[in-house]
Each structure stands twice: as structure tokens, then as C-alpha cells.
Amino acid sequence: MAIIRSEEEAERIIEELLKKGNGKYITQSVLFKKDSPQQLELLKNVLMRSTSFGAYARKAIIDYLDNENK
């Protein structure tokens, strides 16, 4: 996957997200259309394999980036 912004730009976005929230986490949402069988099937398969969609997504992204950097 191509890089679309610089490291500095990404760091600036993260700094803004850190300032916005009062909680312990930065939230980045994923929406699923209720009338999309494909999206609901994706959600179902992920929830069968993980405690949450977010946990699965983080692991999948880490694995993807590790493989991309090899």
C-alpha cells in the first residue's frame, strides 16, 4: 500500500488526536452497513476469531506492515 502522507504529517494528526480525547484511547471508527451481507459476513468472521474488531484489526495491520517491510 502506498504512503499517502509524510511521517511528520502523521505525527501531527496523532498529536491532535491525543489533545482531543480525555480518555485512555484514541478511537478510529469502522462502520458496517446493516444492509450489506458482505460487510456483515466480514464482521461475523472477525468476531469469531477475536475478542473485538479493533483487536483483530490492530493485529492484522501489524502483521501486514511486518510482511510489507520484509
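Preceding block: the structure.
Keep in mind that this is a model prediction, so the values were computed, not measured.

## With respect to the pattern of salt bridges
Next, step 1: Evaluated as defined, the whole model comprises two salt bridges.
Next, step 2: Here K59 makes a salt bridge to D63, at a shortest N to O gap of 2.8 Å. Placement of the pair is K59 and D63 together in helix 3 (residues 53-68), with a separation of four residues, close to one helical turn.
Next, step 3: Classification of D63 as partly exposed rests on a relative accessible area of 33%.

## Comments concerning a negative patch on the surface
Next, step 1: A cluster of like negative charges, contributed by E7, E8, E9, E11 and E15, occupies part of the molecular surface.
Next, step 2: Within the secondary structure, E9 is located in helix 1 (residues 7-20).

## Looking at a nonpolar patch on the surface
Next, step 1: Taken together, the side chains of M1, I61, Y64 and L65 present a nonpolar region at the surface, about 460 Å² in accessible area.
Next, step 2: Within the secondary structure layout, L65 lies in helix 3.
Next, step 3: For L65, a relative accessible area of 39% translates into the label partly exposed.

Cut-offs used in this document
- Residues numbered from 1 in each chain as written.
- Predicted model: local features only at pLDDT ≥ 70, side-chain atom pairs only at ≥ 80, totals over all residues.
- Heavy atoms only, no water.
- Salt bridge = Lys/Arg side-chain N within 4 Å of Asp/Glu carboxyl O.
- Helix = DSSP H or I, 4+ residues; strand = E, 2+ residues; numbered from the N terminus.
- Buried < 20%, exposed > 50% of the residue type's maximum accessible area, 1.4 Å probe, protein only.
- Patch = residues over 30% accessible without salt bridge, like charges linked within 9 Å, V, L, I, M, F, W, Y side chains within 5 Å.
- Areas by Shrake-Rupley, 256 points an atom, 1.4 Å probe, with all protein chains shown as cover.
- Lys, Arg positive; Asp, Glu negative; His and termini not counted.
- Charge placed at Lys NZ, Arg CZ, Asp CG, Glu CD.

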